Amino acid sequence: MTHYCKQNLIEIKVLIGKLSEEQYRAPSAMLSEATIGQHLRHILEFYLCLLESATTNVVNYDNRKRNRIIETSPSVAIDVVDYIVSALNALKNPCTPVTLQGNFGPEAAQIVSIPSSFARELAYNLEHSIHHEALIKVGLREQGLEHLLDDGFGVAPATIRFKQTAA
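Here is a short report on the structure shown in this document. (Residues numbered from 1 in each chain as written. Predicted model: local features only at pLDDT ≥ 70, side-chain atom pairs only at ≥ 80, totals over all residues. Heavy atoms only, no water.)

Helix length check: helix α5 (residues 74-90), at 17 residues, gives a terminal C-alpha distance of 24 Å against a target of 24 Å (1.5 Å per residue), a fit within 8%. Within the sequence span of α5, burial applies to P74, A77, V80, V81, I84, V85 and L88. With its buried residues spanning 135 degrees around the axis, α5 presents them on a single face. In α5, the exposed residues that point more than 90 degrees away from the buried face are D79, Y83, N89 and A90. Here the buried face of α5 lies against α1 (2-18), α2 (21-25), α3 (36-56), α4 (68-72) and α6 (118-142). (Helix = DSSP H or I, 4+ residues; strand = E, 2+ residues; numbered from the N terminus. Expected span 1.5 Å × (residues − 1). Buried < 20%, exposed > 50% of the residue type's maximum accessible area, 1.4 Å probe, protein only. Arc of directions from axis to C-beta. Contact = heavy atoms within 4.5 Å.)

Another point: the pairing of strand β2 (residues 97-102). Burial along β2 is one-sided: the face carrying V98, L100 and G102 is buried and the face carrying P97, T99 and Q101 is not. Both strand β1 (residues 58-59) and β2 contribute to a ladder of two bridges, which runs parallel. Residue pairing for β2: V58 is matched across the bridge by T99. Sheet topology places β2 next to strand β3 (residues 112-117); six bridges connect them, and they run antiparallel. Within β3, the position partnered with P97 by the bridge is S117. (Pairing = 2+ DSSP bridges.)

Residue placement: E21 occurs in helix α2. Since its relative accessible area comes to 39%, E21 is described here as partly exposed. Between the C-alpha atom of E21 and that of P74, which follows or precedes it by 53 residues, the distance is 6.5 Å.

Structure follows, in structure tokens:
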């Protein structure tokens, strides 16, 4: 799973490197005024939150640290991608059990704890990333920048495979 996550993160890094600060920070009407940088920050913060669980064996994405510099500075975002990839390279046992905690309702309900594993949470982070990449693609199209993307950016691997076999 780490291999696929690292591939995805490298794709993100390549995209960030193609964007100017203005493009990275431009509000998108199609995305309720969210920016490409905000979506990328969100993706990266989930990975950072998961990496922090290596010391506690508890991951709670609701309580992740939010770093607004990631959403406004492409160079900082690239540094964060490099950090995450490096941490994934150093990962010793992706099958380590973790407990996923969160409040999954809109009301102030009690925290729910669910047994999981680091590898399962990596899979979730990858799917989460692809979902936000699809939104990023919309924002880039709005700016006339879709030419910066590979065809598979923001498309689930199962969809890519399906399209290949259907062709």
